[in-house]
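One letter stands for each residue in the lines below.
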Amino acid sequence: MTAAPPADGMAALDDQALLARVADGDSGALDALYQRYSRVVYGVALRILGEADLAEDVVQETFWRVWRRSGTFQPGRGQVAAWIFGIAHNLSVDELRRQRSRPRPVYDTDETAVLRDLEDSRMDVEAEALENERGRLIAAALQQITAEQREAIELAYFGGLSQSEIAERLQSPIGTIKTRIRLGMRKLRDILRAQNIGVEDITD
Amino acid sequence: MLTNDHPQDSIPAFVLGTLDIDEARLVSAHVAQCPACRAEIETFQELLSALPYASAPRQPPPYVKRQLLARIAASQIDTVTTQARSPANTAPRWMPAVMSGALALWLVFGYMLYNTNSRMATIGGELTNSQQSIIQLSQQHSTDQTTIAQISAQRQLEEQALAGMQTQIAIDQQVMVFIAAPETIHRILGGPDQHARATMYMQPSNNQAVLVVEGMPRIEPGKIYQFWLSRAGEWVPSVTFDMTNDDRAVQWIEAAAPVDQYARVMVTIEVAGGAKQPSDKVVLSGSLSASPPASASQAD
(Lines give C-alpha, C1' and ligand atoms only; values in the text may rest on other atoms or scores of the structure.)
Protein backbone atom coordinates (compact mmCIF):
# COMPACT_ATOMS: atom_id res chain seq x y z
CA MET A 1 0.00 0.00 0.00
CA THR A 2 1.17 3.47 -0.74
CA ALA A 3 -0.43 6.47 0.87
CA ALA A 4 -2.03 8.92 -1.48
CA PRO A 5 0.32 11.67 -2.64
CA PRO A 6 -0.37 15.13 -1.32
CA ALA A 7 -3.03 17.06 -3.15
CA ASP A 8 -1.65 19.07 -6.06
CA GLY A 9 -2.23 22.37 -4.32
CA MET A 10 -0.02 21.42 -1.39
CA ALA A 11 3.20 21.37 -3.38
CA ALA A 12 2.69 25.04 -4.25
CA LEU A 13 2.38 26.13 -0.61
CA ASP A 14 5.40 27.43 1.26
CA ASP A 15 6.64 25.75 4.41
CA GLN A 16 4.92 28.10 6.82
CA ALA A 17 1.56 27.71 5.10
CA LEU A 18 1.97 23.96 5.19
CA LEU A 19 2.92 24.01 8.85
CA ALA A 20 -0.12 26.15 9.65
CA ARG A 21 -2.28 23.51 8.00
CA VAL A 22 -0.51 20.78 9.91
CA ALA A 23 -1.33 22.65 13.10
CA ASP A 24 -4.98 22.51 12.02
CA GLY A 25 -4.74 18.73 11.76
CA ASP A 26 -4.25 18.44 7.99
CA SER A 27 -2.21 15.28 7.43
CA GLY A 28 -1.99 16.06 3.70
CA ALA A 29 0.10 19.11 4.59
CA LEU A 30 2.39 16.95 6.71
CA ASP A 31 2.68 14.59 3.76
CA ALA A 32 3.81 17.55 1.62
CA LEU A 33 6.46 18.54 4.19
CA TYR A 34 7.55 14.92 4.30
CA GLN A 35 7.93 14.88 0.50
CA ARG A 36 9.99 18.04 0.73
CA TYR A 37 12.31 17.19 3.60
CA SER A 38 12.29 13.49 4.48
CA ARG A 39 15.18 12.74 2.12
CA VAL A 40 17.36 15.37 3.79
CA VAL A 41 16.38 14.20 7.26
CA TYR A 42 17.12 10.59 6.33
CA GLY A 43 20.44 11.56 4.74
CA VAL A 44 21.55 13.41 7.88
CA ALA A 45 20.35 10.67 10.23
CA LEU A 46 22.13 8.01 8.17
CA ARG A 47 25.32 10.03 8.12
CA ILE A 48 25.19 10.54 11.89
CA LEU A 49 23.98 7.08 12.91
CA GLY A 50 25.29 4.89 10.08
CA GLU A 51 22.45 2.40 10.50
CA ALA A 52 19.36 2.38 8.33
CA ASP A 53 16.96 1.14 11.01
CA LEU A 54 17.93 3.86 13.44
CA ALA A 55 17.81 6.52 10.75
CA GLU A 56 14.33 5.37 9.73
CA ASP A 57 13.19 5.74 13.32
CA VAL A 58 14.59 9.27 13.35
CA VAL A 59 12.66 10.16 10.19
CA GLN A 60 9.42 8.83 11.59
CA GLU A 61 9.94 10.44 15.01
CA THR A 62 10.95 13.78 13.48
CA PHE A 63 7.80 14.12 11.40
CA TRP A 64 5.70 12.76 14.26
CA ARG A 65 7.00 15.62 16.39
CA VAL A 66 6.35 18.07 13.57
CA TRP A 67 2.77 16.76 13.59
CA ARG A 68 2.39 17.00 17.34
CA ARG A 69 4.26 20.25 17.89
CA SER A 70 3.40 22.28 14.80
CA GLY A 71 1.34 24.60 16.97
CA THR A 72 4.39 25.53 19.04
CA PHE A 73 6.46 26.73 16.07
CA GLN A 74 6.93 30.47 16.17
CA PRO A 75 7.34 31.92 12.68
CA GLY A 76 9.23 34.94 13.97
CA ARG A 77 11.92 32.75 15.46
CA GLY A 78 13.10 30.97 12.38
CA GLN A 79 12.51 28.88 9.38
CA VAL A 80 10.46 25.75 9.21
CA ALA A 81 13.26 23.79 7.54
CA ALA A 82 15.76 24.76 10.23
CA TRP A 83 13.23 23.75 12.87
CA ILE A 84 12.61 20.35 11.28
CA PHE A 85 16.31 19.72 10.77
CA GLY A 86 16.99 20.78 14.36
CA ILE A 87 14.55 18.17 15.63
CA ALA A 88 16.08 15.50 13.39
CA HIS A 89 19.63 16.44 14.35
CA ASN A 90 18.95 16.36 18.07
CA LEU A 91 17.16 13.01 17.79
CA SER A 92 20.07 11.59 15.79
CA VAL A 93 22.73 12.82 18.19
CA ASP A 94 20.77 11.62 21.22
CA GLU A 95 20.47 8.19 19.63
CA LEU A 96 24.15 8.18 18.64
CA ARG A 97 25.14 8.80 22.24
CA ARG A 98 22.92 5.93 23.33
CA GLN A 99 24.41 3.66 20.68
CA ARG A 100 27.96 4.46 21.71
CA SER A 101 27.33 2.69 24.99
CA ARG A 102 26.04 -0.44 23.23
CA PRO A 103 27.61 -3.02 20.92
CA ARG A 104 26.42 -3.00 17.34
CA PRO A 105 24.44 -5.89 15.86
CA VAL A 106 26.51 -7.62 13.19
CA TYR A 107 23.91 -7.41 10.44
CA ASP A 108 23.33 -3.68 10.58
CA THR A 109 25.16 -2.43 7.56
CA ASP A 110 24.55 0.61 5.48
CA GLU A 111 24.21 -1.54 2.37
CA THR A 112 20.69 -2.54 3.30
CA ALA A 113 19.73 1.10 3.08
CA VAL A 114 21.05 1.35 -0.45
CA LEU A 115 18.98 -1.63 -1.47
CA ARG A 116 15.89 -0.34 0.26
CA ASP A 117 16.26 2.94 -1.51
CA LEU A 118 15.46 1.16 -4.74
CA GLU A 119 11.95 0.46 -3.53
CA ASP A 120 10.67 3.95 -3.89
CA SER A 121 12.57 6.60 -5.78
CA ARG A 122 9.60 8.87 -6.42
CA MET A 123 10.22 12.34 -5.22
CA ASP A 124 8.91 15.80 -5.48
CA VAL A 125 10.38 17.76 -8.38
CA GLU A 126 10.57 20.94 -6.37
CA ALA A 127 12.17 19.09 -3.49
CA GLU A 128 14.78 17.79 -5.88
CA ALA A 129 15.46 21.28 -7.19
CA LEU A 130 15.77 22.53 -3.63
CA GLU A 131 18.14 19.72 -2.72
CA ASN A 132 20.31 20.45 -5.71
CA GLU A 133 20.41 24.16 -5.05
CA ARG A 134 21.08 23.94 -1.33
CA GLY A 135 23.53 21.09 -1.81
CA ARG A 136 25.50 23.16 -4.29
CA LEU A 137 25.44 26.29 -2.12
CA ILE A 138 26.50 24.61 1.10
CA ALA A 139 29.23 22.69 -0.72
CA ALA A 140 30.51 25.92 -2.24
CA ALA A 141 30.36 27.68 1.14
CA LEU A 142 32.21 24.84 2.86
CA GLN A 143 34.99 25.24 0.31
CA GLN A 144 35.53 28.79 1.48
CA ILE A 145 36.44 27.97 5.06
CA THR A 146 39.67 26.28 6.09
CA ALA A 147 40.01 22.50 6.14
CA GLU A 148 40.53 22.64 9.91
CA GLN A 149 37.34 24.63 10.42
CA ARG A 150 35.46 22.23 8.16
CA GLU A 151 36.76 19.24 10.06
CA ALA A 152 35.72 20.67 13.44
CA ILE A 153 32.25 21.62 12.21
CA GLU A 154 31.79 18.23 10.60
CA LEU A 155 32.80 16.40 13.80
CA ALA A 156 30.38 18.58 15.73
CA TYR A 157 27.39 18.34 13.41
CA PHE A 158 27.68 14.90 11.88
CA GLY A 159 29.80 13.30 14.59
CA GLY A 160 27.68 14.58 17.47
CA LEU A 161 30.81 15.54 19.43
CA SER A 162 31.11 18.38 21.90
CA GLN A 163 33.95 20.87 21.58
CA SER A 164 35.98 19.16 24.29
CA GLU A 165 35.42 15.77 22.64
CA ILE A 166 36.60 17.20 19.34
CA ALA A 167 39.68 18.63 21.04
CA GLU A 168 40.43 15.21 22.48
CA ARG A 169 39.82 13.46 19.17
CA LEU A 170 42.09 15.85 17.27
CA GLN A 171 44.62 16.19 20.09
CA SER A 172 44.25 19.95 19.91
CA PRO A 173 43.79 22.57 22.65
CA ILE A 174 40.12 23.26 23.41
CA GLY A 175 40.66 26.96 22.70
CA THR A 176 41.82 26.13 19.18
CA ILE A 177 38.73 24.06 18.51
CA LYS A 178 36.43 26.77 19.84
CA THR A 179 38.07 29.31 17.58
CA ARG A 180 37.79 27.08 14.54
CA ILE A 181 34.11 26.48 15.13
CA ARG A 182 33.35 30.11 15.89
CA LEU A 183 35.16 31.49 12.86
CA GLY A 184 34.02 28.72 10.55
CA MET A 185 30.37 29.03 11.53
CA ARG A 186 30.37 32.79 11.23
CA LYS A 187 31.96 32.68 7.83
CA LEU A 188 29.49 30.05 6.60
CA ARG A 189 26.65 32.14 7.96
CA ASP A 190 27.86 35.26 6.21
CA ILE A 191 28.35 33.47 2.90
CA LEU A 192 24.89 31.92 2.98
CA ARG A 193 23.18 35.11 4.11
CA ALA A 194 24.84 36.90 1.23
CA GLN A 195 23.40 34.24 -1.07
CA ASN A 196 20.05 34.82 0.66
CA ILE A 197 19.05 31.17 0.39
CA GLY A 198 16.19 29.75 2.33
CA VAL A 199 15.08 33.09 3.70
CA GLU A 200 11.52 32.68 2.48
CA ASP A 201 11.63 28.91 2.30
CA ILE A 202 11.26 27.22 -0.96
CA THR A 203 8.27 28.40 -2.90
CA ASP A 204 8.40 32.15 -2.43
CA MET B 1 25.06 45.84 20.58
CA LEU B 2 26.25 42.84 22.46
CA THR B 3 28.32 43.47 25.50
CA ASN B 4 30.90 41.35 27.23
CA ASP B 5 28.15 39.90 29.38
CA HIS B 6 26.61 38.23 26.39
CA PRO B 7 27.98 34.81 25.42
CA GLN B 8 28.39 36.04 21.88
CA ASP B 9 31.44 33.92 21.12
CA SER B 10 29.65 30.77 22.23
CA ILE B 11 26.60 31.22 20.05
CA PRO B 12 28.03 29.64 16.88
CA ALA B 13 28.87 26.50 18.86
CA PHE B 14 25.51 26.71 20.65
CA VAL B 15 23.51 26.67 17.42
CA LEU B 16 25.71 23.83 16.16
CA GLY B 17 24.87 21.85 19.30
CA THR B 18 28.51 21.29 20.16
CA LEU B 19 28.85 23.26 23.39
CA ASP B 20 29.78 21.12 26.36
CA ILE B 21 26.82 20.51 28.59
CA ASP B 22 27.59 22.98 31.38
CA GLU B 23 28.29 25.83 29.01
CA ALA B 24 25.23 24.94 26.94
CA ARG B 25 23.06 25.28 30.05
CA LEU B 26 24.49 28.70 30.84
CA VAL B 27 24.03 29.95 27.30
CA SER B 28 20.54 28.49 27.12
CA ALA B 29 19.51 30.21 30.34
CA HIS B 30 20.93 33.52 29.12
CA VAL B 31 19.35 33.29 25.69
CA ALA B 32 15.93 32.60 27.17
CA GLN B 33 15.83 36.14 28.51
CA CYS B 34 18.03 38.02 26.06
CA PRO B 35 16.42 39.30 22.85
CA ALA B 36 19.80 40.40 21.49
CA CYS B 37 21.27 36.91 21.74
CA ARG B 38 18.12 35.38 20.26
CA ALA B 39 18.51 37.75 17.34
CA GLU B 40 22.11 36.62 17.00
CA ILE B 41 20.95 33.01 16.94
CA GLU B 42 18.46 33.81 14.20
CA THR B 43 21.26 35.00 11.97
CA PHE B 44 22.30 31.33 11.73
CA GLN B 45 18.92 30.19 10.37
CA GLU B 46 20.01 30.04 6.74
CA LEU B 47 23.07 28.05 7.70
CA LEU B 48 21.04 25.62 9.79
CA SER B 49 18.62 25.19 6.89
CA ALA B 50 21.46 24.48 4.50
CA LEU B 51 23.99 22.48 6.52
CA PRO B 52 22.00 19.20 6.39
CA TYR B 53 22.30 19.29 2.60
CA ALA B 54 26.05 18.77 2.99
CA SER B 55 25.13 15.12 3.48
CA ALA B 56 23.63 13.50 0.39
CA PRO B 57 19.83 13.30 0.74
CA ARG B 58 18.54 9.73 0.63
CA GLN B 59 15.08 8.34 0.03
CA PRO B 60 13.74 6.67 3.17
CA PRO B 61 12.00 3.32 2.57
CA PRO B 62 8.29 3.71 1.80
CA TYR B 63 7.17 1.92 4.94
CA VAL B 64 8.58 4.76 7.07
CA LYS B 65 5.93 7.08 5.68
CA ARG B 66 3.27 4.40 5.90
CA GLN B 67 4.02 3.86 9.56
CA LEU B 68 4.07 7.60 10.21
CA LEU B 69 0.70 8.13 8.55
CA ALA B 70 -0.72 5.10 10.35
CA ARG B 71 0.52 6.54 13.63
CA ILE B 72 -1.16 9.83 12.83
CA ALA B 73 -4.36 8.06 11.81
CA ALA B 74 -4.25 6.06 15.03
CA SER B 75 -3.79 9.24 17.07
CA GLN B 76 -6.78 10.78 15.31
CA ILE B 77 -8.84 7.70 16.11
CA ASP B 78 -7.73 7.98 19.69
CA THR B 79 -8.82 11.63 19.75
CA VAL B 80 -12.19 10.75 18.27
CA THR B 81 -12.50 7.82 20.63
CA THR B 82 -11.75 9.95 23.65
CA GLN B 83 -14.20 12.61 22.55
CA ALA B 84 -16.88 10.02 21.91
CA ARG B 85 -16.67 8.64 25.41
CA SER B 86 -19.00 10.09 27.99
CA PRO B 87 -19.21 9.21 31.68
CA ALA B 88 -22.81 8.09 31.38
CA ASN B 89 -22.37 5.90 28.38
CA THR B 90 -18.84 4.57 28.04
CA ALA B 91 -18.82 1.09 26.64
CA PRO B 92 -20.80 1.11 23.42
CA ARG B 93 -20.20 4.64 22.20
CA TRP B 94 -16.58 4.35 21.23
CA MET B 95 -17.21 1.47 18.90
CA PRO B 96 -18.69 3.61 16.08
CA ALA B 97 -15.69 5.95 16.44
CA VAL B 98 -13.30 3.08 16.06
CA MET B 99 -15.29 1.75 13.12
CA SER B 100 -15.19 5.07 11.26
CA GLY B 101 -11.55 5.49 12.15
CA ALA B 102 -10.91 2.07 10.67
CA LEU B 103 -10.99 3.74 7.27
CA ALA B 104 -7.95 5.76 8.26
CA LEU B 105 -6.20 2.75 9.74
CA TRP B 106 -6.44 0.99 6.40
CA LEU B 107 -2.97 2.38 5.88
CA VAL B 108 -1.80 -0.41 8.14
CA PHE B 109 -4.66 -2.82 8.46
CA GLY B 110 -6.70 -1.93 5.42
CA TYR B 111 -5.34 -4.83 3.53
CA MET B 112 -6.14 -7.23 6.36
CA LEU B 113 -9.62 -5.85 6.96
CA TYR B 114 -10.34 -5.60 3.26
CA ASN B 115 -9.60 -9.27 2.86
CA THR B 116 -11.74 -10.16 5.83
CA ASN B 117 -14.58 -7.90 4.82
CA SER B 118 -14.64 -8.94 1.19
CA ARG B 119 -14.57 -12.60 2.15
CA MET B 120 -17.39 -11.94 4.59
CA ALA B 121 -19.39 -10.11 1.92
CA THR B 122 -18.90 -13.04 -0.44
CA ILE B 123 -20.01 -15.52 2.18
CA GLY B 124 -22.95 -13.29 3.13
CA GLY B 125 -24.01 -13.15 -0.53
CA GLU B 126 -23.74 -16.89 -0.83
CA LEU B 127 -25.78 -17.24 2.32
CA THR B 128 -28.58 -15.13 0.86
CA ASN B 129 -28.46 -17.17 -2.34
CA SER B 130 -28.73 -20.37 -0.32
CA GLN B 131 -31.73 -19.05 1.56
CA GLN B 132 -33.42 -18.03 -1.67
CA SER B 133 -32.70 -21.44 -3.15
CA ILE B 134 -34.26 -23.17 -0.18
CA ILE B 135 -37.36 -20.98 -0.36
CA GLN B 136 -37.72 -21.59 -4.07
CA LEU B 137 -37.32 -25.32 -3.67
CA SER B 138 -39.90 -25.37 -0.88
CA GLN B 139 -42.33 -23.27 -2.87
CA GLN B 140 -42.04 -25.63 -5.81
CA HIS B 141 -42.90 -28.50 -3.47
CA SER B 142 -39.85 -30.18 -4.73
CA THR B 143 -39.46 -33.68 -3.45
CA ASP B 144 -35.75 -33.52 -3.89
CA GLN B 145 -34.95 -33.62 -0.18
CA THR B 146 -31.36 -34.50 -0.95
CA THR B 147 -30.74 -31.19 -2.68
CA ILE B 148 -32.32 -29.27 0.19
CA ALA B 149 -30.20 -31.18 2.67
CA GLN B 150 -27.07 -30.43 0.67
CA ILE B 151 -27.91 -26.73 0.47
CA SER B 152 -28.71 -26.65 4.19
CA ALA B 153 -25.38 -28.30 4.96
CA GLN B 154 -23.64 -25.78 2.72
CA ARG B 155 -25.47 -22.97 4.51
CA GLN B 156 -24.31 -24.30 7.88
CA LEU B 157 -20.70 -24.26 6.69
CA GLU B 158 -21.10 -20.73 5.42
CA GLU B 159 -22.57 -19.61 8.71
CA GLN B 160 -19.60 -21.10 10.53
CA ALA B 161 -17.24 -19.28 8.16
CA LEU B 162 -19.17 -16.05 8.75
CA ALA B 163 -18.83 -16.47 12.52
CA GLY B 164 -15.09 -17.05 12.05
CA MET B 165 -14.79 -13.86 10.01
CA GLN B 166 -16.69 -11.88 12.62
CA THR B 167 -14.33 -13.18 15.30
CA GLN B 168 -11.39 -12.11 13.12
CA ILE B 169 -12.83 -8.61 12.74
CA ALA B 170 -13.28 -8.35 16.50
CA ILE B 171 -9.61 -9.30 16.94
CA ASP B 172 -8.54 -6.77 14.30
CA GLN B 173 -10.45 -4.07 16.16
CA GLN B 174 -8.71 -5.01 19.40
CA VAL B 175 -5.38 -4.69 17.60
CA MET B 176 -6.30 -1.24 16.33
CA VAL B 177 -7.43 -0.04 19.73
CA PHE B 178 -4.22 -1.36 21.30
CA ILE B 179 -2.01 0.38 18.75
CA ALA B 180 -4.01 3.59 18.97
CA ALA B 181 -3.68 3.83 22.74
CA PRO B 182 -1.63 6.86 23.85
CA GLU B 183 0.64 4.78 26.08
CA THR B 184 1.58 2.42 23.24
CA ILE B 185 5.17 2.61 22.09
CA HIS B 186 6.82 0.68 19.30
CA ARG B 187 10.09 -1.07 18.58
CA ILE B 188 11.46 -2.02 15.16
CA LEU B 189 12.86 -5.49 14.59
CA GLY B 190 15.26 -6.03 11.71
CA GLY B 191 17.34 -8.84 10.38
CA PRO B 192 19.80 -9.97 7.73
CA ASP B 193 17.08 -10.07 5.04
CA GLN B 194 16.40 -6.44 4.18
CA HIS B 195 12.77 -7.16 3.28
CA ALA B 196 11.93 -8.82 6.58
CA ARG B 197 10.78 -6.41 9.22
CA ALA B 198 8.52 -6.27 12.22
CA THR B 199 7.08 -3.59 14.43
CA MET B 200 6.30 -4.49 17.99
CA TYR B 201 3.68 -2.41 19.79
CA MET B 202 3.82 -2.56 23.58
CA GLN B 203 2.66 -0.71 26.66
CA PRO B 204 4.31 -0.14 30.04
CA SER B 205 3.49 -2.87 32.58
CA ASN B 206 1.37 -4.79 30.08
CA ASN B 207 1.96 -8.49 29.43
CA GLN B 208 0.37 -8.16 26.02
CA ALA B 209 1.95 -6.80 22.87
CA VAL B 210 1.18 -6.75 19.16
CA LEU B 211 3.68 -7.84 16.55
CA VAL B 212 3.21 -6.79 12.92
CA VAL B 213 5.50 -8.80 10.65
CA GLU B 214 6.07 -8.30 6.95
CA GLY B 215 8.34 -9.32 4.10
CA MET B 216 9.45 -12.58 5.71
CA PRO B 217 11.45 -15.06 3.63
CA ARG B 218 9.73 -18.25 2.50
CA ILE B 219 10.35 -21.20 4.74
CA GLU B 220 10.38 -24.86 3.80
CA PRO B 221 7.45 -27.15 4.66
CA GLY B 222 7.53 -28.47 8.21
CA LYS B 223 9.10 -25.26 9.53
CA ILE B 224 7.49 -22.38 11.34
CA TYR B 225 8.37 -18.94 12.69
CA GLN B 226 8.65 -18.60 16.44
CA PHE B 227 8.76 -15.47 18.57
CA TRP B 228 11.09 -15.25 21.61
CA LEU B 229 11.57 -12.85 24.49
CA SER B 230 14.78 -12.56 26.46
CA ARG B 231 14.92 -11.91 30.17
CA ALA B 232 17.91 -12.31 32.51
CA GLY B 233 19.89 -13.70 29.59
CA GLU B 234 17.42 -16.49 28.85
CA TRP B 235 15.26 -16.82 25.77
CA VAL B 236 11.64 -17.57 26.58
CA PRO B 237 9.60 -19.23 23.79
CA SER B 238 6.42 -17.47 22.68
CA VAL B 239 3.93 -17.83 19.84
CA THR B 240 4.57 -19.63 16.56
CA PHE B 241 3.15 -18.47 13.25
CA ASP B 242 3.47 -18.96 9.51
CA MET B 243 3.19 -16.56 6.61
CA THR B 244 1.84 -18.96 4.00
CA ASN B 245 -1.29 -16.99 3.12
CA ASP B 246 -0.30 -13.38 3.61
CA ASP B 247 2.60 -10.99 3.22
CA ARG B 248 1.80 -9.48 6.58
CA ALA B 249 0.99 -11.17 9.85
CA VAL B 250 -0.36 -9.64 13.04
CA GLN B 251 0.33 -11.57 16.21
CA TRP B 252 -0.90 -11.00 19.71
CA ILE B 253 1.90 -11.68 22.14
CA GLU B 254 1.03 -12.76 25.66
CA ALA B 255 4.12 -12.86 27.87
CA ALA B 256 4.49 -14.27 31.38
CA ALA B 257 5.64 -10.88 32.66
CA PRO B 258 5.12 -7.28 31.53
CA VAL B 259 6.76 -6.97 28.14
CA ASP B 260 8.90 -4.03 29.17
CA GLN B 261 10.70 -6.30 31.62
CA TYR B 262 12.28 -8.15 28.69
CA ALA B 263 15.49 -6.92 27.16
CA ARG B 264 15.32 -8.30 23.64
CA VAL B 265 13.00 -10.14 21.29
CA MET B 266 13.59 -12.15 18.15
CA VAL B 267 11.93 -14.35 15.54
CA THR B 268 13.57 -17.63 14.55
CA ILE B 269 12.77 -20.47 12.20
CA GLU B 270 11.92 -23.67 14.07
CA VAL B 271 10.48 -27.09 13.36
CA ALA B 272 6.66 -26.97 13.17
CA GLY B 273 5.18 -27.11 16.64
CA GLY B 274 7.79 -24.77 18.08
CA ALA B 275 10.91 -25.24 20.18
CA LYS B 276 11.95 -24.81 23.81
CA GLN B 277 15.37 -23.45 22.88
CA PRO B 278 15.89 -21.14 19.90
CA SER B 279 17.74 -22.35 16.81
CA ASP B 280 20.46 -20.17 15.31
CA LYS B 281 18.20 -19.25 12.37
CA VAL B 282 17.37 -15.73 13.55
CA VAL B 283 15.23 -13.86 11.05
CA LEU B 284 14.46 -10.74 13.08
CA SER B 285 15.69 -9.29 16.32
CA GLY B 286 15.52 -6.08 18.26
CA SER B 287 16.06 -4.45 21.61
CA LEU B 288 13.13 -3.49 23.79
CA SER B 289 15.16 -1.29 26.08
CA ALA B 290 16.15 1.06 23.27
CA SER B 291 13.64 3.79 23.73
CA PRO B 292 12.93 6.01 20.73
CA PRO B 293 15.02 9.17 20.78
CA ALA B 294 13.64 11.24 23.59
CA SER B 295 14.59 14.85 23.48
CA ALA B 296 14.95 17.62 20.98
CA SER B 297 15.49 20.34 23.47
CA GLN B 298 17.27 22.88 21.37
CA ALA B 299 14.84 22.42 18.51
CA ASP B 300 11.77 22.99 20.56
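The structure presented is a predicted model; accordingly, all values stated were derived computationally and were not measured.

A. Seen up close, the overall build of chain A. Scanning chain A from terminus to terminus reveals 10 helices and 0 strands. Going from the N terminus to the C terminus, chain A shows its helices and strands as α-α-α-α-α-α-α-α-α-α. A burial count over chain A gives 49% of its 204 residues as buried. Long-range contacts, defined here as pairs at least 24 residues apart, represent 70% of the contacts in chain A between residues at least 6 apart.

B. The arrangement of the overall build of chain B in detail. A count of helices and strands for chain B gives 7 helices and 8 strands. Expressed as a percentage of its 300 residues, the buried residues of chain B come to 30%. Long-range contacts, defined here as pairs at least 24 residues apart, represent 60% of the contacts in chain B between residues at least 6 apart.

C. A look at the nonpolar core. Residues and elements named next belong to chain A. Within the largest apolar cluster, 106 residues are counted, with the highest numbers of intra-cluster contacts made by Leu33, Val41, Ala45, Ala55, Ile84, Ala88 and Ala156. If you tally residues by element for this core, the top one is helix 3 (residues 27-49), at 14 residues. The residues contacting Ala88, other than those within four sequence positions of it, are Val41, Val44, Ala45, Val58 and Thr62.

D. Seen up close, the sheet that holds strand 2 (residues 197-202) of chain B. Residue and element names in this part refer to chain B. An order of 1-2-3-6 is seen for the 4 strands of this open sheet, with the pairing classed as antiparallel. Every other strand in the sheet has two partners, leaving strand 1 (185-189) and strand 6 (248-254) as the edge strands with one partner each. Pairwise comparison of adjacent strand axes, ignoring direction, gives a mean angle of 20° for this sheet. In the sheet, strand 3 (residues 208-214) pairs with strand 6 via 7 bridges, with the strands oriented antiparallel. Paired with Leu211 across the bridge in strand 6 is Gln251.

E. Quick look at the sheet that holds strand 8 (residues 282-287) of chain B. Residues and elements named next belong to chain B. The 4 strands lie next to each other as 5-4-7-8, forming an open sheet whose pairing is antiparallel. Looking at which strands have only one partner, the edges of the open sheet turn out to be strand 5 (234-241) and strand 8. Adjacent strand axes in the sheet meet at a mean angle of 25°, parallel and antiparallel pairs treated alike. Where strand 4 (residues 223-231) lies against strand 7 (residues 264-271), 8 bridges are found, and the strand directions are antiparallel.

F. How the structure looks around unusual backbone geometry. Residues and elements named next belong to chain B. One non-glycine residue, Ser205, lies in the positive phi region at around 60°. Counting through the fold element by element, Ser205 comes out in the loop between strand 2 and strand 3. In this structure, Ala232 takes a positive phi of about 50° despite not being glycine. If you trace the backbone, Ala232 turns up in the loop between strand 4 and strand 5. Ala232 gets classed as exposed once you count the C-beta atoms within 10 Å, which come to 8.

G. A look at the environment of A:Thr62. All names here are of chain A. With respect to the helices and strands, Thr62 occurs in helix 4 (residues 52-69). Measuring from C-alpha to C-alpha, the distance between Thr62 and Ile84 comes to 7.1 Å, with 22 residues separating the pair along the chain. Residues within four places of Thr62 in sequence aside, it is in contact with Val41, Ile84, Ile87, Ala88 and Leu91.

H. Looking closely at the confidence of the model for chain A. All names here are of chain A. With 79% of its residues at a pLDDT of at least 70, chain A reaches an overall mean of 82. Across residues 106-121, where pLDDT falls below 50, the model places 23 contacts with residues more than four positions away in sequence or in other chains. Residue range residues 198-204 is modelled with pLDDT below 50. Its contacts to residues more than four positions away, or to other chains, number 21 contacts.

I. Layout of helix 5 (residues 80-100) of chain A. Between its first and last C-alpha atoms helix 5 of chain A spans 30 Å; for 21 residues at 1.5 Å apiece the expected length is 30 Å, and the two agree. Taken across its 21 residues, helix 5 of chain A has 16 buried, putting it largely inside the fold.

J. Expanded view of the packing of helix 8 (residues 147-157) of chain A against helix 10 (residues 174-195) of chain A. Residue and element names in this part refer to chain A. Across the interface, helix 8 lies against helix 10 with an axial gap of 8 Å and an inter-helix angle of 95°. With respect to helix 10, the axis of helix 8 lies roughly perpendicular. On helix 10, the residues that touch Glu148, Gln149, Arg150, Ala152, Ile153 and Ala156 of helix 8 are Ile177, Arg180, Ile181, Leu183, Gly184 and Met185. Considering only residue class, the contact of helix 8 with helix 10 consists of 7 nonpolar, 2 polar and 3 charged.

K. How the structure looks around the confidence of the model for chain B. Residue and element names in this part refer to chain B. With 68% of its residues at a pLDDT of at least 70, chain B reaches an overall mean of 76. Across chain B, the secondary-structure element scoring lowest on mean pLDDT is helix 6 (residues 94-139), at 54, and the one scoring highest is helix 1 (residues 11-16), at 95. Confidence over residues 292-300 falls short of pLDDT 50; this stretch has 24 contacts with residues more than four positions distant or in other chains. This prediction of the complex comes with two scores: 0.55 for pTM and 0.84 for ipTM.

The rules behind each value
- Residues numbered from 1 in each chain as written.
- Chains lettered and ligands numbered in written order.
- Predicted model: local features only at pLDDT ≥ 70, side-chain atom pairs only at ≥ 80, totals over all residues.
- Helix = DSSP H or I, 4+ residues; strand = E, 2+ residues; numbered from the N terminus.
- Buried ≥ 20, exposed ≤ 12 C-beta atoms within 10 Å, placed from the backbone.
- Contact = placed C-beta atoms within 7 Å.
- Core = buried A, V, L, I, M, F, W, Y, C linked by C-beta atoms within 7 Å.
- Pairing = 2+ DSSP bridges.
- Axes fitted to C-alpha atoms, helices over the stretch in contact; angles between N-to-C directions.
- pLDDT = per-residue confidence, 0-100.
- Expected span 1.5 Å × (residues − 1).
- Parallel < 35°, antiparallel > 145°, perpendicular 65-115°, else oblique.
- Nonpolar A, V, L, I, M, F, W, Y, C, P; charged D, E, K, R; others polar.

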